[in-house]
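Spelled out from the first residue to the last, the chains are:
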Amino acid sequence: MGAPGAGKGTQAKRLGRARNLPHISTGDIFRWNIENDTPLGRRVKACIDAGQLAPDDLACEIVADRLTEDDCRDGYILDGFPRSRGQAERLSEMLRERGESLDLVINLEVSDDEIVHRLTARRTCPHCGRIYNLLFAPSEDGVHCDRPTCEGVTLVLREDDREDVIRERLQVYHSVSEPIIEFYKKQGKLCSVDAMPTDRDAISATIEDLVNSAPASCSEGTTS
Ligand code: AP5
Ligand code: MG
């Protein structure tokens, strides 16, 4: 969990690679559907472009579907889901139905001003999904993806990374998504991590430690 731009995608991808677990980002799935002009993409495009949440039932349906795939048998990392009380309750039901339990909820903490700063400088590879940042983690030439398999692919700015839309997303986050932190705190599943430092490796190491010691690592405080 974490506000838009807190580093969920960056850290979830790293954790997924380190643990060989699938990284499931509802935002990425919605964006794929928008880019490919699917019926789902057409339904959610306007609200996503405006910085609003997609309807709960659609978000829950895509997660429920994705979890039926084989690669989720030994676990998975959810990024950007759940982000409303309704989604959190539906996830509890899905887990019950699957005979699973949540290991840990990692909440990345970053100030709103830092988020605006980071997101206006984010660039993403439309081919492989790698996330760059013009200020903190640029590609070699600042324009193209560095991966050999993406030679010549130009990095793009996400439609919802304009400052007015970022402010709207932050407002939605504080009013609808942030309250579910309490829901997971009460379950003793929440770990908050200080994600303000620009050293991503240090943040990844903190997360790795928390995952290794879960559930004992869950606490009320913030880990740096
Ligand atoms: P989603 O794609 O999930 O967007 P988000 O939550 O707004 O988060 P972001 O992806 O923008 O940021 P992030 O936390 O992944 O940060 P990142 O690692 O990229 O959702 C998009 C939209 O889809 C939503 O607005 C909503 O409409 C819809 N949606 C999605 N899920 C939904 C759901 N469950 N229900 C309903 N609607 C849903 O990092 C950001 C930048 O910072 C990058 O440039 C990165 O390089 C840089 N960075 C990362 N870490 C650091 C660091 N430590 N220091 C400096 N820079 C850093
Ligand atoms: Mg993301």
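Up top you'll find the structure we're talking about.
Residues numbered from 1 in each chain as written. Chains lettered and ligands numbered in written order. Predicted model: local features only at pLDDT ≥ 70, side-chain atom pairs only at ≥ 80, totals over all residues. Heavy atoms only, no water.

1. Looking at the overall build of the chain
Helix and strand counts for the chain come out as 9 helices and 7 strands. Expected size for 224 residues packed as a compact globule is a radius of gyration near 17 Å; at 17 Å, the chain falls within 12% of this value. Taken along its principal axes, the extent of the C-alpha atoms in the chain is 45 × 40 × 35 Å. Taking all 224 residues of the chain together, 46% fall into the buried category. A sequence separation of at least 24 residues applies to 68% of the contacts in the chain between residues at least 6 apart. Of the roughly 11700 Å² of accessible surface on the chain, a fraction of 49% belongs to carbon and sulfur atoms. (Helix = DSSP H or I, 4+ residues; strand = E, 2+ residues; numbered from the N terminus. Rg over C-alpha atoms; globule rule 2.2 N^0.38 Å. Buried < 20%, exposed > 50% of the residue type's maximum accessible area, 1.4 Å probe, protein only. Contact = heavy atoms within 4.5 Å. Areas by Shrake-Rupley, 256 points an atom, 1.4 Å probe, with all protein chains shown as cover.)

2. Description of the layout of surface pockets
Within this model, the second largest pocket holds a volume of roughly 240 Å³. In terms of lining, the second largest pocket is formed by 15 residues, of which the most central are Thr-10, Arg-14, Arg-17, Arg-130 and Ile-131. Of all the secondary structure elements, the ones that give two or more residues to the lining of the second largest pocket are α1 (8-19) and β5 (131-133). Partitioned by chemical class, the residues of the lining of the second largest pocket number 5 nonpolar, 3 polar and 7 charged. (1 Å grid on protein atoms, 1.4 Å probe; cavity = no way out; pocket = protein on both sides within 12 Å on 5 of 7 lines; lining within 4 Å. Points joined across faces, edges and corners; volume = space filled by probe spheres on them. Nonpolar A, V, L, I, M, F, W, Y, C, P; charged D, E, K, R; others polar.)

3. Quick word on the side chain of Asp-79
By secondary structure assignment, the location of Asp-79 is in strand β2 (residues 77-79). No salt bridge forms around the buried Asp-79; measuring N to O, its nearest opposite-charge neighbour Lys-8 is 5.0 Å away. Excluding anything up to four places from it in sequence, Asp-79 contacts Lys-8, Gly-9, Ala-12, His-23, Ile-24, Ser-25 and Thr-26. (Lys, Arg positive; Asp, Glu negative; His and termini not counted. Salt bridge = Lys/Arg side-chain N within 4 Å of Asp/Glu carboxyl O.)

4. Re the pattern of salt bridges
Tallied over the full model, the rule gives 18 salt bridges. We note a salt bridge from Arg-169 to Asp-161, for which the minimum N-O separation is 2.9 Å. The class of Arg-169 is buried, set by a relative accessible area of 11%. Connected through salt bridges with shared partners, the residues Arg-122, Arg-158, Asp-160, Asp-161 and Arg-169 form a single ionic network.

5. Brief notes about the nonpolar core
Of all hydrophobic cores here, the largest spans 51 residues; its most connected members are Phe-30, Val-44 and Tyr-184. In terms of residues, this core owes the most to one element, helix α4 (residues 56-66), which gives 5 residues. Ranked by size, the runner-up nonpolar core spans 6 residues in total, among them Cys-125, Tyr-132, Cys-145 and Leu-155. (Core = buried A, V, L, I, M, F, W, Y, C linked by side-chain atoms within 4.5 Å.)

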